[in-house]
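Overview (structure and organization)
Take a look at the letters that make up each chain.
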Amino acid sequence: MKVPKAITQAVKMEKHFVIAVHVSPDGDALGSALALSMALESIGKKTIVYSRDIIPVFYRFLPGHERITARLGTMTGDDPLLLLLDCNDPARAALEKNTFGKSIVIDHHNTGSHFGDMKWINPKAAATGLMIYYLIRSLGIAFDEDIATNLYAAISVDTGTFRYSNTSPELLLASAELIQAGANPGQIAKDLYETWAKNRFALLVMSLNTLEIKNNIAITYVTRNMLNKTQTKLEDTEHFSNFPRMIAEVKISLFLKEKSRGMWKVSLRSKGDVDVSRIAEQFGGGGHKNAAGCWMKGTLSSVKKEAINVASLII
Ligand code: 5GP
Ligand code: MN
């Protein structure tokens, strides 16, 4: 993978950066932003890592997570360069009302906006973390243990830890280099997959009990009531959408979570050639072929019906 020379050059020239990630940030967004912040600071640059939403508890093993802030603070006066990661529309990062001197978008999502003075959007890249790996290399910065851990975790999250079809020889070679630089695969897998709070697991059990399957489409959901009962938060549902995919006959898994009355966040997952980003786009969302997201409005039963109907059309 080649980093556009103009981007490496622009980053080299700049001193102040705001590194921003999308709302409800996942491990790829967070690991990428933290690794890039650490790498840039190691060569004397100043960075703010901006996320509107606080970092979920289960990502607080990522080295340097304390540097994530929801306040842009004083640096805006220095006219920082915005590095928008793992998304390509400032609205996805809740930054649509802010202005920046310059902006660079680094993302691997197909669907997107026209935003950015410079863009590096590579839908073939398995993870933004892999793109940041190449950017850091192109800047001539060495990977230390903390940078390597963040990048390895980012890549793990977006490849299902090297199980999804986006796992390539190139990605495994990069990951091997990150292990050599100090990333610990066993520890990171444990931190990612074996540290759930009991109440999060109780919520998963409840959600799995809502399973219905129609025309090879699985649908599960989580309501506000279920969150209240288990004392959990919406962010605890990350990965829930993946479970019904374990069933052989399931080609699409739809997972609904109730953000507020009548407002549902929909996570879509699929197998093989079934492209769920097309469904998400129809509702103003986006994502990848096998993992996408969007918002839908209505009652639980109306949203379920509508989502299943739209999904049936692409199977
Ligand atoms: P998840 O279902 O885990 O929230 O998201 C799956 C994928 O779809 C991720 O790559 C995520 O960035 C993308 N995605 C989720 N929600 C949205 C959305 O509302 N808009 C867009 N453009 N992409 C989304
Ligand atoms: Mn990603």
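Now for a description of the structure that goes with this document.

Cut-offs applied
For every chain, the first residue of the written sequence is number 1, and numbering continues from 1 onward in sequence order. Chains carry letters and ligands carry numbers; both start at the beginning, A for chains and 1 for ligands, and go up in the order they are written. pLDDT decides what is reported in this predicted model: residues at 70 or higher carry local features, side-chain atom pairs at 80 or more are listed and counted, and totals for whole chains, interfaces and linings draw on all residues regardless. The basis for every side-chain value is the complete set of non-hydrogen atoms in the structure, without hydrogens or water. Listed donor atoms are N, O and S within 2.8 Å of the metal (Na, K and Ca: 3.2 Å). As water is not included, a site may look incomplete. Helix and strand definitions here come from DSSP, where helices need a minimum of 4 consecutive H or I residues and strands a minimum of 2 consecutive E residues; each element is numbered from the N-terminal end. The rule is simple: take the accessible area with a 1.4 Å probe, protein chains only, and divide by the maximum for that residue type; under 20% is buried, over 50% is exposed, in between is partly exposed. Axis definition: a line fitted to C-alpha atoms, limited for helices to the stretch in contact. Angles are taken between N-to-C directions and run from 0 to 180 degrees. Should an angle fall under 35 degrees it is taken as roughly parallel, and over 145 as roughly antiparallel, whereas 65 to 115 is taken as roughly perpendicular and any remaining angle as oblique. When the near helix sits turned anticlockwise from the far one by under a right angle, the crossing is termed left-handed; a clockwise turn instead gives a right-handed crossing. We call two residues contacting when some pair of their heavy atoms lies within 4.5 Å. Think of it this way: one heavy atom of a residue within 4 Å of a molecule or strand is enough to make that residue near it. Here a polar contact means two N or O atoms within 3.5 Å. Within protein one must be a hydrogen donor candidate and the other an acceptor candidate, and residues neighboring in sequence count only if both atoms are side-chain atoms. Areas reported here follow the Shrake-Rupley algorithm with a probe of radius 1.4 Å; residue values treat only the protein chains shown as occluding. Under the scheme applied, nonpolar residues are Ala, Val, Leu, Ile, Met, Phe, Trp, Tyr, Cys and Pro; charged residues are Asp, Glu, Lys and Arg; polar residues are all the others, including Gly.

So, about the coordination of the manganese ion (ligand 2). Octahedral metal centres with six donors ideally show angles of 90 or 180 degrees, and tetrahedral centres with four donors ideally show 109.5 degrees. Every protein donor of the manganese ion (ligand 2) is listed here as D28 (OD), D86 (OD), H108 (NE2) and D158 (OD), and their distances to the metal cover 2.1 to 2.3 Å. Taken in chain order, the donor set of the manganese ion (ligand 2) reads D-x57-D-x21-H-x49-D. Of this pair, D28 sits in helix α2 (residues 27-42) while D86 sits in the loop between β4 (81-85) and β5 (102-107); the two residues are 58 residues apart in sequence, bridging distant segments of the chain. Take D28 and D86: they sit in the same class, and that class is buried.

Moving on to the packing of α2 against helix α3 (residues 128-138). Contact geometry of α2 with α3 gives a least axis separation of 8 Å together with a crossing angle of 15°. On the basis of the axis angle, α2 is roughly parallel to α3. The way α2 lies across α3 gives a crossing that is left-handed. In contact with D28, S32, A35, L36 and A39 of α2, α3 contributes T128, G129, I132, L135 and I136.

A few words now on the environment of G160. One can find G160 in the loop between α4 (145-159) and α5 (169-180). Each C-alpha atom, one on G160 and one on H239, is 9.8 Å from the other, the two residues being 79 residues apart in sequence.

Here we take up the site of ligand 1. Close to ligand 1 lie R92, H109, K265, S267, R269, G285, G286, G287, H288, A291, A292 and G293, which account for all nearby residues. One nitrogen or oxygen atom from the side chain of K265 is found 2.7 Å from a nitrogen atom belonging to ligand 1. Interatomic distance of 2.8 Å between a side-chain N/O atom of R269 and an oxygen atom of ligand 1. Protein contact buries 80% of the 490 Å² of open area that ligand 1 shows by itself. Counting only elements with at least two residues in the shell around ligand 1, the list comes to β10 (263-270), β11 (286-287) and β12 (291-297). Its residues placed into classes, the shell around ligand 1 shows 2 nonpolar, 7 polar and 3 charged.

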